[in-house]
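Residues per chain, in single letters:
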Amino acid sequence: AMDLVLFGMAMEHVTRIVRIVEQDRGNALLVGVGGSGKQSLSRLASKGICGYEVFQIKVTQTYREADLKTDLQTLYKKTGEKNQQVSFLLTDAQIVDDKWLVYINDTLSSGYVPDLF
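None of these values were measured; they are calculated from a predicted model.

Calculation notes
- Residues numbered from 1 in each chain as written.
- Predicted model: local features only at pLDDT ≥ 70, side-chain atom pairs only at ≥ 80, totals over all residues.
- Heavy atoms only, no water.
- Helix = DSSP H or I, 4+ residues; strand = E, 2+ residues; numbered from the N terminus.
- Contact = heavy atoms within 4.5 Å.
- Core = buried A, V, L, I, M, F, W, Y, C linked by side-chain atoms within 4.5 Å.
- Buried < 20%, exposed > 50% of the residue type's maximum accessible area, 1.4 Å probe, protein only.
- Phe/Tyr/Trp six-rings, centres within 6.5 Å; stacked < 30°, edge-to-face > 60°.

Student: Can you lay out the side chain of Ser46 for me, pointing to particular residues and giving the numbers?
Tutor: Relative to the elements of secondary structure, Ser46 occurs in helix α2 (residues 38–49). In this structure, Ser46 is in contact with Val21, Gly51, Tyr52, Val54 and Ser87, ignoring residues within four places of it in sequence.

Student: Report on the nonpolar core, specifying residues and quantitative values.
Tutor: Phe55, Ile57, Tyr63, Leu68, Leu72, Leu75, Val86, Trp100, Tyr103, Val113 and Leu116 together form the largest nonpolar core, which totals 11 residues. Mapped by element, the contributors of at least two residues to this core are α3 (65–81) and α4 (100–109). A per-element tally of this core places α3 first, with 3 residues. Filtering out sequence-adjacent residues up to four positions away, Tyr63 remains in contact with Ile57, Lys58, Leu68, Asp71 and Trp100. Counting residues in hydrophobic clusters, the runner-up holds 9 residues, among them Ala10, Ile17, Val18 and Ala45.

Student: Which residues make up the packing of aromatic side chains, and what values go with them?
Tutor: As enumerated under the stated definition, the model contains 2 aromatic pairs in all. Residues Phe55 and Phe88 carry aromatic rings whose centres are separated by 5.8 Å and whose planes lie at 55° to one another, so their mutual orientation is tilted. Taken together, the positions of Phe55 in strand β1 (residues 53–55) and Phe88 in strand β2 (residues 86–88) put the pair 33 residues apart, joining distant regions of the chain. Under the relative-accessibility criterion, Phe55 is labelled buried at 8%. On the basis of an interplanar angle of 70° and a centroid distance of 5.5 Å, the ring pair of Tyr63 and Trp100 is categorised as edge-to-face. Here Trp100 lies in helix α4 and Tyr63 lies in the loop between β1 and α3, a separation of 37 residues in the sequence. Here Tyr63 matches Trp100 in class, with each residue buried.

Take a look at the structure:
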């Protein structure tokens, strides 16, 4: 086991993220310089404290819109059919095509993504 030491401001951010994650359909846009710990604190809050699975797409050279839709289907099945608690973690670097923002917006605003299934 490894001890984890967090400074005060990081703990404040973690508590804010936990509060958001625990809300129904809670979502957050974390903004900050690269390497400031946004992903790490989100993972700590989601998995370490709330016990949620963290779902993140794995973008490759060949990852396309169809792959995104497949990943979103997997996410929706986990949360809808299996009633699993899941945090969807997405970084700006994973948005390869601006058209993908429509899917993300639909997911966040209504939960309905046309032609997903």
